[in-house]
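What the coordinates show
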Amino acid sequence: MKLALSMLCENPERKTGLTTLYHAFVERSLAQFADLEWVVYVGPDQEWEAGGNRVEVVRRFPANNRTMRRLFADHFLLAGDAVRRGVDCLVTTGFVPIVRTLPVAMHMLSLQHLSVDNRVGMARRLYRKVSAESGLDRAELVITNTEFAVSQILAVNAGCADRMVQSYEGLDHEEFHARACKAELSRLQEECGIEPG
């Protein structure tokens, strides 16, 4: 099976947790499934190191540091390019392409546009609302990570319940743990100027 992943939604100048999430997702899926291949779409300036010889990295389209060009590529060009590369399914974050020529598994990790407190701006809020609602109607699979996100998504679109999978994001417990590192408190005090109390 060959899957495609669009990382174009990330801005290489202001990365979010999606970068580490999708690197781990691709690496772990390759380790688990010997017959799996990936096509990963990243912008010309984006980092991508995961995968080895079973990952084709495509740098043909702009990332989210060129928002309008990225939106055009994600919605009108990417699915056709993926089909030409023999892809079976496209994995996206928060949208299903307007021009869709293959099945789409859409990650929907949050519905930030539902709250004006998130201050994403009117245009982004409108795009995310339309994109999320359309995507929830059209995606073959909706993947989310928390019970809270499931409840938000189902409140907006109860009809996608039979196509939804909730999968907690994994943690590398060697790197992320509750134990403090040696001299962590003194290092934070020095680097951040934080005093006790």
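Bear in mind the structure is a predicted one, so any value in this text is a computation, not a measurement.

**Remarks on the overall build of the protein chain**
Counting its regular elements, the protein chain contains five helices and seven strands. Secondary structure elements of the protein chain, listed N to C terminal, follow the sequence β-α-β-β-α-β-β-α-β-α-β-α. Each of the 197 residues in the protein chain was classed as buried or not, and the buried ones make up 39%. The long-range fraction of contacts in the protein chain, counting pairs at least 24 apart against all pairs at least 6 apart in sequence, stands at 49%. For the protein chain, the accessible area works out to roughly 11800 Å², and carbon and sulfur atoms hold 55% of it.

**Here we look at the sheet that holds strand E1 (residues 2-6)**
With respect to topology, seven strands assemble into an open sheet ordered E3-E2-E1-E4-E5-E6-E7, the strand pairing being parallel. Bordering the open sheet on either side are strand E3 (55-58) and strand E7 (164-166), each of which pairs with just one other strand. Taken pair by pair, the neighbouring strands of this sheet meet at an average axis angle of 20°, ignoring direction. Here four bridges tie strand E4 (residues 89-93) to strand E5 (residues 104-107), and the two strands are oriented parallel to one another. In the strand pairing of E5, Thr92 is matched with Met106.

The rules behind each value
- Residues numbered from 1 in each chain as written.
- Predicted model: local features only at pLDDT ≥ 70, side-chain atom pairs only at ≥ 80, totals over all residues.
- Heavy atoms only, no water.
- Helix = DSSP H or I, 4+ residues; strand = E, 2+ residues; numbered from the N terminus.
- Buried < 20%, exposed > 50% of the residue type's maximum accessible area, 1.4 Å probe, protein only.
- Contact = heavy atoms within 4.5 Å.
- Areas by Shrake-Rupley, 256 points an atom, 1.4 Å probe, with all protein chains shown as cover.
- Pairing = 2+ DSSP bridges.
- Axes fitted to C-alpha atoms, helices over the stretch in contact; angles between N-to-C directions.

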